[in-house]
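# Fold and contact review
Here is how the chains run, residue by residue.
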Amino acid sequence: MRQVITAQQMRDAEQRVFDAEPDVDLMGRAARAVAKIAEGVAPSGPVLVAVGPGNNGGDGLFAAAHLADHRPVTVWLAMGKGHEAGLAAARAAGCHVVDAVAAAAALGDAALVIDAVTGLGSRPELPTTTATFAEACEASAVPVLSVDLPSGLDADSGQVHDSFRAQHTVTFAALKACHVQEPAASRCGQVHVVDIGVPVPQDEGQAVRQADEADVARWWPRPDATSDKYSRGVVMLDTGSEHYQGAALLTVAGALNAGAGMVRYTGRVHSGLVLSRFPSVVVGEGRAQAMVLGSGWGDTDGAEGRVANARLHGLPAVVDANALYALPQGRLDGWLLTPHAGELSRMLGCSRSHVQTEPVSCAREVARTTGAAVLLKGATQYVAEPSGRVTIAVPGPNWTAQAGSGDVLAGICGTLLAAGLPAWRAGVVGASIQAMTAARNPGPYPPDALAARLPEVIGSLLA
Ligand SMILES: NC(=O)C1=CN([C@@H]2O[C@H](COP(=O)(O)OP(=O)(O)OC[C@H]3O[C@@H](n4cnc5c(N)ncnc54)[C@H](O)[C@@H]3O)[C@@H](O)[C@H]2O)[C@@H](O)CC1
Ligand SMILES: Nc1ncnc2c1ncn2[C@@H]1O[C@H](COP(=O)(O)OP(=O)(O)O)[C@@H](O)[C@H]1O
Ligand SMILES: [K+]
């Protein structure tokens, strides 16, 4: 699990270090880390460093001074000035300081560009010369290493603005939102988090973290010698409709391939269809530990009654698609809601673009008001708990953006809920395993084919 912090939390943490130890050289540590990663990305050849007027530029200048020790380094002061001591060090080390025209020309020979224009202090709208240079870098084959974040992005959001596109980003102490929230995250390339001796405590209630594969492996429910089908978890699926029969099959595929002890099907799709594809499914209600509701219901009648049925059973439920608009009154402790941005916006009565701009606060709001965990699906998948804590799932390739992926995911989450995982964890683990399966099976595969590959990914994860 990796922490995600805000720019202000980073500045506050840095200030606490300076208060305790006024002479501490955090910039020196940051610059050494940048230089070391630069050597790994491009071990030889000329380096071109684009430098801004603040401390991000300072990191870049001191890194340039390290690199100039043994290779040619060109420095471009993108905004005409740079950190004074850093610039002196770069000049003393033999860096060649050039103007915009010479920087553009140097790009042709460069083995690496270091982007140290703006970092935590970055505001949207780069000056035209910098934006043009960033575009030229993107059009060239030269790798870009961004210091802290690709200049032009906003540290605290996933929104994109004119910015560099990095192959590698080196950031300090902890991840920031732009490194993990799409579409900005895709501009960061591989993100290296470096410890520079700045501890960053977080307010647990407002924490944002990103899960990794080790978390998924740790949390995945494993059967043991005492297990039977009931103790492993029975999941009851009320999914699909006359109009969306495939959704029933997809939720069953997700649930079975995630390792359910038993799948019961109670939806309105003809049982013969389900059994012809999945003979182990048991048709009709019975003993179960969790339910899945809503996938493929469309706007069929009786949604409220069907959701209320889950309450009568006293079971936690995965609530997907149209069932999200038929939530019962009262707290839904232990339930998992799985909206995409459009569904979440309808639940909140706001625009889809508002959810896309403020995904964390929107997911938190619904979790807080319902008492359920909320898995907001999309390119970045957020799981908000009623406490306000948010966990981002392991990301995957964008091939998964296809009709039916959400149905499979609901089935997976149902199995995990039935196995006893708390709702938030079922959401994180379910979304992560689907993304990991897509990543290990470069697509495009349809969602049912990917569901069929879940067992080998789960198997290798737990091996
Ligand atoms: N806060 C910390 O704990 C540490 C910070 N360090 C570095 O310091 C950086 C933050 O430094 P600063 O606060 O000086 O901020 P930045 O260096 O990120 O940027 C601020 C400067 O850039 C200008 N600027 C920002 N956006 C612009 C835009 N769109 N167009 C034109 N000019 C723009 C601002 O006017 C200001 O002069 C971090 O990103 C990191 O690289 C490191 O040295 C290590 C520790
Ligand atoms: N850009 C994307 N990149 C990766 N995965 C995505 C992206 N957009 C959506 N997804 C995934 O696709 C699924 C879409 O869910 P949903 O829209 O509910 O599909 P459906 O209702 O058709 O089954 C989600 O599981 C989400 O994880
Ligand atoms: K930068």
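Since this is a predicted model, take the numbers as computed values, not measurements.

Calculation criteria
- Residues numbered from 1 in each chain as written.
- Chains lettered and ligands numbered in written order.
- Predicted model: local features only at pLDDT ≥ 70, side-chain atom pairs only at ≥ 80, totals over all residues.
- Heavy atoms only, no water.
- Disulfide = S-S within 2.5 Å.
- Helix = DSSP H or I, 4+ residues; strand = E, 2+ residues; numbered from the N terminus.
- Buried < 20%, exposed > 50% of the residue type's maximum accessible area, 1.4 Å probe, protein only.
- Domains from an automatic or database assignment.
- Contact = heavy atoms within 4.5 Å.
- Buried area = accessible area lost by both parts, 1.4 Å probe.
- Salt bridge = Lys/Arg side-chain N within 4 Å of Asp/Glu carboxyl O.
- Polar contact = N/O pair within 3.5 Å; in protein donor to acceptor, adjacent residues only side chain to side chain.
- 1 Å grid on protein atoms, 1.4 Å probe; cavity = no way out; pocket = protein on both sides within 12 Å on 5 of 7 lines; lining within 4 Å.
- Points joined across faces, edges and corners; volume = space filled by probe spheres on them.
- Pairing = 2+ DSSP bridges.
- Axes fitted to C-alpha atoms, helices over the stretch in contact; angles between N-to-C directions.

## Quick notes on the state of the cysteines
The tally for this structure, following the rule as stated, stands at zero disulfides. Left without a disulfide partner, C137 is nearest to the cysteine sulfur of C188, which lies 15 Å away. No disulfide involves C178; its sulfur sits 4.8 Å from the nearest other cysteine sulfur, which is in C188.

## Details of the environment of W297
Residue placement: W297 occurs in the loop between β14 (290-293) and α12 (303-313). Judged by relative accessible area, which is 1%, W297 ranks as buried. Remark: the alpha-carbon pair of W297 and G267, spanning 30 residues in sequence, is separated by 9.0 Å.

## Digging into the domain arrangement of the chain
When cut into domains, the chain gives domain 1 (2-202) and domain 2 (213-462). The distance between the C-alpha centroids of domain 1 and domain 2 comes to 40 Å. Counting residues at the interface gives four residues for domain 1 and eight residues for domain 2. Both sides of the domain 1 and domain 2 interface together cover about 470 Å² of buried area, and 50% of this is carbon and sulfur. It is Q159, Q181 and E182 in domain 1 that bury the most area against domain 2; as a group they hold 76% of the surface buried on that side. The interface formed by domain 1 and domain 2 includes zero salt bridges. Counting every contact that joins domain 1 to domain 2 gives three residue pairs in polar contact (both at pLDDT 80 or more).

## What about empty space enclosed by the protein?
Tallied over the entire structure, the rule returns one cavity of 30 Å³ or more. Taken as a whole, the largest cavity encloses approximately 50 Å³ of empty space. Around the largest cavity sit S405, V408, I412, Q434, T437, P447, L450, A451 and L454, which together line it. Secondary-structure elements contributing two or more residues to the lining of the largest cavity are α16 (405-418), α17 (423-440) and α18 (447-452).

## Side note on the side chain of T130
Inspection of the secondary structure puts T130 in helix α6 (residues 128-139). The class of T130 is buried, set by a relative accessible area of 0%. What T130 contacts, discounting residues up to four positions off in sequence, is W76, A78, M79, V117 and F164.

## Notes on the sheet that holds strand β5 (residues 112-116)
With parallel pairing, the seven strands of this open sheet are ordered in space as β4-β3-β2-β5-β6-β7-β9. Unpaired on one side and paired on the other, β4 (96-98) and β9 (190-194) mark the two borders of the sheet. Taken pair by pair, the neighbouring strands of this sheet meet at an average axis angle of 20 degrees, ignoring direction. Of the pairings in the sheet, the one linking strand β3 (residues 73-77) to β4 comprises three bridges and is parallel in character. Counterpart to V75 in the pairing with β4 is V97.

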